Amino acid sequence: MAGGLYSASLRPSPLASASSSFASKLLLLLTLLPLTLAAFAFVLQWRGGVDDDPVSRWSPEASHKFPGMDYTSPPLATVARSDCVLLPDTSSPSFPYYRDWKYTFESDLKPKICVTTSTSAGLEQILPWMFYHKVIGVTTFFLFVEGKAASPSVSKVLESIPGVKVVYRTRELEEQQAKSRIWNETWLSSFFYKPCNYELFVKQSLNMEMAIVMARDSGVDWIIHLDTDELMHPAGGREYSLRQLLLDVPENVDMVVFPNYESSVERDDIKEPFTEVSMFKKNYDHLPKDTYFGMYKESTRGNPNYFLTYGNGKSAARIQDHLRPNGAHRWHNYRKSPNEIKLEEAAVLHYTYAKFSDLTSRRDRCGCKPTKEDVKRCFMLEFDRSAFIIASTATEEEMRIWYREHVVWTDKTINNKLLKKGILTRIYAPMAIMQGLRESGVFRSVIESAPTTLSRDKFLASIESSNSSRASASQSLPSRKMGRSEVSHATNRRVLESTDSAIHEVAVSPLPPPGMDDELMLIEA
């Protein structure tokens, strides 16, 4: 009996058997589930995953990634060189980007930045210039167009781009600008009655005055005046973003000055400067004084100044009451002297005379005589005067020789020396952005999606504006406009000469950088 009881106790009960089986299956499931998920994740990663983000496939033809979309830095960025400005080595995107080529900005994007320009360029220059600035945070563009830029084939494309306002140079516009208070004030009066660059300077100032009103009506926070051969270079910030740069500016600052760097081309056959030029000459404000003056002779290479053209940069102004232009390079205020700062790393990249054809295009826009005396009333800067005379009197072969001697940096020994000293620098960010835009198909898309025709009113305005640039170059805007009321304006100006000089500070014209004659004065200061 005892043995039977002992044997019965060794046999498992049905309940215990079921419990053990369930535990085994649960253990097996818990073991296999993580392994299965890990294997699935590996397969997804190996195949590239599933990505419905439209940014990664915005190109109509292929999946081209936008510059900066990779969260890992490019191999090039790991090479540290003092003469190169490369993409920042961070764990975040190198460039801010937006989710479609139309760049439709949300109303809460702050600050809102607008760029205004006066241009007669074609799409091949305007589109890369515009979309580059959209990439770095510009939301609004006010384009005062004439010539080629005002032609129906160009203007219909510009009109179709979100955030772009095209203003044609019509008779109505000129009559409206003829009533501007600028004509009765002293700060711009020294530029009246003169042709070529002086006329352009006045025209730019009048357009900037209108752009201020348009910017305020559009809810813009900052306004910048640029030419279409200039690119903002927002270096020194946490990301390559003009918006972020201006967001960090203290609220009590009215104007931000960006020193300009000048393109230093290494070939005489440049076709697209924005994608072919990477070497720039730094501004005096971004160099030690001893380096600047110590290398001045090598830097000028026999030209009249350190830069070929201007050296006093461009500026951004905070939209506020009583704001006015102060020439193409600065802004001012009718009620106060603006509180301004100058940035230590950010700059304006000026692609001046970057193409050989720039010699003849400047010549064709001006009807002055190619003499040393006559060019002084047409051009403000010495190099522009010399270039105009050469382009007007020399053969193409002679022009090419002159261009290579005065503009092209062909001596690699000198180039390397100035790169090591920091006078010259390499900047690749604009090239990378432009290349990304081109590969993405943005320019083709915006052209193909533009309407086939303009409205009747816009078509007539474009024709009138396009034709206006064909008028005789010897007729300047001030002389045409001022001829009817020269006496009354002169009388008003005599009265205003006694007003507060701080309010009517003389317009800031394109100025050359400091020369050797300025060295002692600057050292003493």
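Description of the structure in this document.

Cut-offs used in this document
- Residues numbered from 1 in each chain as written.
- Predicted model: local features only at pLDDT ≥ 70, side-chain atom pairs only at ≥ 80, totals over all residues.
- Heavy atoms only, no water.
- Salt bridge = Lys/Arg side-chain N within 4 Å of Asp/Glu carboxyl O.
- Helix = DSSP H or I, 4+ residues; strand = E, 2+ residues; numbered from the N terminus.
- Buried < 20%, exposed > 50% of the residue type's maximum accessible area, 1.4 Å probe, protein only.
- Disulfide = S-S within 2.5 Å.
- Expected span 1.5 Å × (residues − 1).
- Core = buried A, V, L, I, M, F, W, Y, C linked by side-chain atoms within 4.5 Å.
- Contact = heavy atoms within 4.5 Å.
- Arc of directions from axis to C-beta.
- Pairing = 2+ DSSP bridges.
- Axes fitted to C-alpha atoms, helices over the stretch in contact; angles between N-to-C directions.
- Polar contact = N/O pair within 3.5 Å; in protein donor to acceptor, adjacent residues only side chain to side chain.
- Parallel < 35°, antiparallel > 145°, perpendicular 65-115°, else oblique.
- Left-handed = near helix turned anticlockwise from the far one by under 90°.
- Phe/Tyr/Trp six-rings, centres within 6.5 Å; stacked < 30°, edge-to-face > 60°.

**Some points on the pattern of salt bridges**
Alright, step 1. In total, this model carries 22 salt bridges according to the counting rule given.
Alright, step 2. Here K110 and D221 are joined by a salt bridge, their closest N and O atoms 3.8 Å apart. With K110 in the loop between β1 (84-85) and β2 (113-119) and D221 in the loop between α6 (197-217) and β5 (222-225), this residue pair connects regions lying 111 residues apart in the sequence.
Alright, step 3. When its relative accessible area of 39% is taken as the criterion, K110 is described as partly exposed.

**So, the state of the cysteines**
Alright, step 1. Applying the stated criterion across every chain, the model contains two disulfides.
Alright, step 2. Paired through a disulfide, C196 and C366 show a sulfur-sulfur distance of 1.7 Å. Handedness here is read from the sign of the S-S torsion; for C196 and C366, about 80°, the answer is right-handed. Of the two residues, C196 is situated in the loop between α5 (171-177) and α6 and C366 in the loop between α11 (357-364) and α12 (382-393); the sequence distance between them amounts to 170 residues. Accessibility classification places C196 together with C366 in one group, the buried group.
Alright, step 3. Each bonded cysteine in the chain gets a number by its place in the sequence, and the pairs come out as 1-2, 3-4.

**Structural notes on α6**
Alright, step 1. The terminal C-alpha atoms of α6, which comprises 21 residues, lie 30 Å apart, in line with the 30 Å expected from a rise of 1.5 Å per residue.
Alright, step 2. With 16 of its 21 residues buried, α6 lies for the most part within the structure.
Alright, step 3. After α6 finishes, the residue G219 shows a positive phi value of roughly 75°.

**Re the nonpolar core**
Alright, step 1. In terms of nonpolar packing, the biggest core is built from 77 residues, with L127, W129, M130, L158, L242, F258 and L359 touching the most fellow members.
Alright, step 2. Examining the composition of this core, we find that eight residues originate from one element, helix α3 (residues 123-135), more than from any other.
Alright, step 3. Apart from residues no more than four positions distant in its own chain, W129 is found in contact with V115, T117, F141, L143, L226, D227, T228, E230, L231, F274 and M434.
Alright, step 4. The next biggest cluster of nonpolar side chains, apart from the first, holds 18 residues, and it includes M210, A211, I212 and M255.

**Notes on unusual backbone geometry**
Alright, step 1. Note that the residue after K110, namely P111, is joined by a cis bond; omega there is -10°.
Alright, step 2. When you line up the elements, P111 lands in the loop between β1 and β2.
Alright, step 3. One non-glycine residue, R301, lies in the positive phi region at around 55°.
Alright, step 4. Relative to the assigned elements, R301 resides in the loop between α10 (296-300) and β10 (314-318).
Alright, step 5. One non-glycine residue, H322, lies in the positive phi region at around 70°.
Alright, step 6. Inspection of the secondary structure assignment puts H322 in the loop between β10 and β11 (323-325).

**Points about helix α13 (residues 396-406)**
Alright, step 1. All of the buried residues along α13 are M399, W402 and Y403. Looking straight down α13, one finds its buried side chains confined to an arc of 100°; they lie on one side. Exposed and oriented more than 90 degrees from the buried face of α13 are E397 and E405.
Alright, step 2. Where α13 is buried, its residues contact α11 and α12.

**A few points about the environment of N305**
Alright, step 1. Structurally, N305 can be placed in the loop between α10 and β10.
Alright, step 2. When the C-alpha positions of N305 and E382 are compared, they lie 8.1 Å apart, and in sequence the two are 77 residues distant.
Alright, step 3. Once residues within four sequence positions are removed from consideration, N305 is found in contact with Y296, T300, P512 and P513.

**Things to note about the sheet that holds strand β4 (residues 164-168)**
Alright, step 1. Across the sheet, which stays open at both edges, the seven strands sit in the order β4-β3-β2-β5-β10-β7-β13 with mixed pairing between neighbours. What marks the edges here is a single partner per strand, and that holds for β4 and β13 (340-342). The mean inter-strand angle of the sheet, taken between neighbouring strand axes irrespective of direction, is 20°.
Alright, step 2. Here five bridges tie strand β3 (residues 140-145) to β4, and the two strands are oriented parallel to one another.

**A word on the side chain of E146**
Alright, step 1. Its place among the elements puts E146 in the loop between β3 and α4 (152-159).
Alright, step 2. Classification of E146 as buried rests on a relative accessible area of 15%.
Alright, step 3. Polar contacts involving the side chain of E146 include one to the side chain of K203, which spans 3.2 Å.

**A short note on the packing of α3 against α4**
Alright, step 1. Where α3 meets α4, the closest approach of the two axes is 11 Å, and the angle between their N-to-C directions is 15°. As far as their axial angle goes, α4 and α3 are roughly parallel. Seen along the crossing, α3 lies across α4 with a hand that is right-handed. Contacts between α3 and α4 pair L123, I126, L127 and M130 from the former with S153, V154, V157 and L158 from the latter.

**Focus: the packing of aromatic side chains**
Alright, step 1. Under the definition given, this model contains 19 aromatic pairs.
Alright, step 2. Ring plane angle 65° and centroid distance 6.2 Å describe the contact between Y284 and F293, whose orientation is recorded as edge-to-face.
Alright, step 3. Note on F293: relative accessible area 7%, which makes it buried.
Alright, step 4. When the centroid spacing of 5.0 Å and the interplanar angle of 40° are considered together, the rings of Y306 and F307 count as tilted.
Alright, step 5. What makes Y306 buried here is its relative accessible area of 1%.
Alright, step 6. On the basis of relative accessible area, F307 is assigned to the buried category, the value being 1%.

Honestly, that's just the spatial picture; any functional story needs more than this.
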